[in-house]
Amino acid sequence: MQVKTVDYLTPDCAQKFVESLRTTGFGVIKNHPISQTLVESIYNNWYTFFVSDEKHQYRYNVDTQDGYFPSEVSEVAKGHMVKDIKEYYHIYPWGQIPAQLKADAMSYYQMANTLATELLSWVEAHTPAEIAQHYSMPLSKMIESSRGTLLRVLHYPPLTGEEEPGAIRAAAHEDINLLTILPAANEPGLQVKGSNGEWLDVPCDFGALIINTGDMLQEASQGYFPSTTHRVINPTGGRQDKSRISLPLFLHPNPDVVLSEHYTAREYLLERLKELGVI
């Protein structure tokens, strides 16, 4: 198993990208239309925010899940007992966002959503007819005007040696949503679990875009597109004293979208958030 990098500018990009999603749950795209200058600006400015005291003015709303989540309330991955070593901020267009960071965040949110619509149309176009018949509507329509699509800015702080035994930056997990779009982080560490159980490094060339399948697409496609287990491992050597900033966009369908005979998007999300202990 190998996560392939495909070139957005080549004619067969869509086919190769969907093949990679089908076989690995991940796809990596280079020469994509999202501004790398914008991504770097977001990384730098949000790092400044995370190392300031200002972040505590934006503590998350329990009911709406927007705002700053400190490390003491960080997620515990499903099946794990130890919290991840991270803090993060949930951005929704309707939620609380620091004024000086809002313009870049919203610009990126719009760019990534536009690309996401295209990627979902690729997935649908290359889904076998016997699988596609189970989609309740076109995949790209599922996210149209969705208020649930989440932009998360993650800060994995430098390691101090005081971490809880067994804790890593992000324990092995699967994503809940349809697709996750992630610019390569400023530091390595992302790994995907192969079919034989071994952990493989995901290509993380700065400027590349990493996309993975979430549980909702796995559900909607009757398991045809696998939601693959992944994690972020702790750095070693000289990288232990470096922060890592990550910027995933989690594409969520509108709540009433029917994923399968078992779930609407709302029902699926609530079940998973309860499992994670965040609601």
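Attention here is on the structure that accompanies the text.

### As for the overall build of the chain
Assigned secondary structure in the chain consists of seven helices and 13 strands. Taking 19 Å as the expected radius of gyration for a compact globule of 279 residues, we find that the chain reaches 18 Å, a close match to that expectation. With the C-alpha coordinates aligned to their principal axes, the bounding extent of the chain is approximately 50 × 40 × 35 Å. Counting all 279 residues of the chain, 52% fall into the buried class. Counting contacts in the chain only where the partners sit at least 6 residues apart, residues at least 24 apart contribute 74% of the total. Element-wise, carbon and sulfur atoms account for 49% of the exposed surface of the chain, whose accessible area totals about 12700 Å². Averaging the coordinates of the 22 positive side-chain charges in the chain and doing the same for the 34 negative ones gives two points 1 Å apart.

### Points about the environment of D84
Within the element layout of this structure, D84 appears in the loop between β3 (67-69) and β4 (87-91). Given a relative accessible area of 7%, D84 falls into the buried group. Expressed as a C-alpha distance, the spacing of D84 and S71, which sit 13 residues apart in the sequence, is 8.0 Å.

Rules used throughout
Residues numbered from 1 in each chain as written. Predicted model: local features only at pLDDT ≥ 70, side-chain atom pairs only at ≥ 80, totals over all residues. Heavy atoms only, no water. Helix = DSSP H or I, 4+ residues; strand = E, 2+ residues; numbered from the N terminus. Rg over C-alpha atoms; globule rule 2.2 N^0.38 Å. Buried < 20%, exposed > 50% of the residue type's maximum accessible area, 1.4 Å probe, protein only. Contact = heavy atoms within 4.5 Å. Areas by Shrake-Rupley, 256 points an atom, 1.4 Å probe, with all protein chains shown as cover. Lys, Arg positive; Asp, Glu negative; His and termini not counted. Charge placed at Lys NZ, Arg CZ, Asp CG, Glu CD.

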